[in-house]
Amino acid sequence: PYPSGAGGGACSVGGSAISNVAPGNGGTGITSSISGSPIQYAGGGGGSWGNGGPFGLGVAGGGNGDNGNSITTTTGLANTGGGGGASYGATSGAGGSGIVILRYPSYLAPATSTTGSPEMYVAGAWRVYKFVASGTITF
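So, how was this worked out
Residues numbered from 1 in each chain as written. Predicted model: local features only at pLDDT ≥ 70, side-chain atom pairs only at ≥ 80, totals over all residues. Heavy atoms only, no water. Phe/Tyr/Trp six-rings, centres within 6.5 Å; stacked < 30°, edge-to-face > 60°. Helix = DSSP H or I, 4+ residues; strand = E, 2+ residues; numbered from the N terminus. Buried < 20%, exposed > 50% of the residue type's maximum accessible area, 1.4 Å probe, protein only. Pairing = 2+ DSSP bridges. Axes fitted to C-alpha atoms, helices over the stretch in contact; angles between N-to-C directions.

Engineer: How do you make sense of the packing of aromatic side chains when you look at a structure like this?
Structural biologist: Any pair of aromatic rings gets described here by the distance separating the centres and the angle formed by the planes. Within this structure, the stated rule accounts for three aromatic pairs. Both rings, one in Tyr 104 and one in Phe 139, keep their centres 5.4 Å apart while their planes meet at 85 degrees; by these two values the pair is edge-to-face. Taken together, the positions of Tyr 104 in strand 3 (residues 100-105) and Phe 139 in the segment after strand 7 (136-138) put the pair 35 residues apart, joining distant regions of the chain. Look at Tyr 129 and Phe 139: their rings are 6.5 Å apart centre to centre, the planes differ by 90 degrees, and that puts the pair in the edge-to-face class. Note that Tyr 129 is positioned in strand 6 (residues 126-131) and Phe 139 in the segment after strand 7, a separation of 10 residues in sequence. Assessed through its relative accessible area of 55%, Phe 139 is described here as exposed. These aromatic residues form a ring-pair network of at least three members: Tyr 104, Tyr 129 and Phe 139.

Right, here's the structure in full:
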């Protein structure tokens, strides 16, 4: 029942386990305002520990690890690309689904066609297309 290290994020490595003390926390993700508001993406999933002690925390959309008892691992947040939390003796959490965001000046013409039902909106001086599923865009 030893603690585990954690998964890396977009901006830093995952935390190392401290032997017989605590598992690592997930690596730092990145904050982006491309969608019009600041959102954290691609954080690392937390480590686990099998003795019922503390569990590693996920960051920036990453899932938490488990502690082998009542705390269960969590998945990464949808549409953030965060890593899943580690598990001691069970199934680890799945990573969060990804996202594609395109942004360009709003005075330019909108796309001539899209597939996959992206969300489209204007945020300030920008036209934004947000895909959370497969799709295409044509200009």
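Resuming the write-up.
Engineer: What exactly am I supposed to notice about the sheet that holds strand 5 (residues 119-123) here?
Structural biologist: Sheet strands pair by backbone hydrogen bonding; their relative direction is either parallel or antiparallel. Taken together, three strands build an open sheet; the order of strands is 3-6-5 and the sheet is antiparallel. Because the sheet does not close on itself, it has two edges, and the strands there are strand 3 and strand 5. Geometrically, the sheet is characterised by an average inter-axis angle of 20 degrees between neighbouring strands, direction not taken into account.

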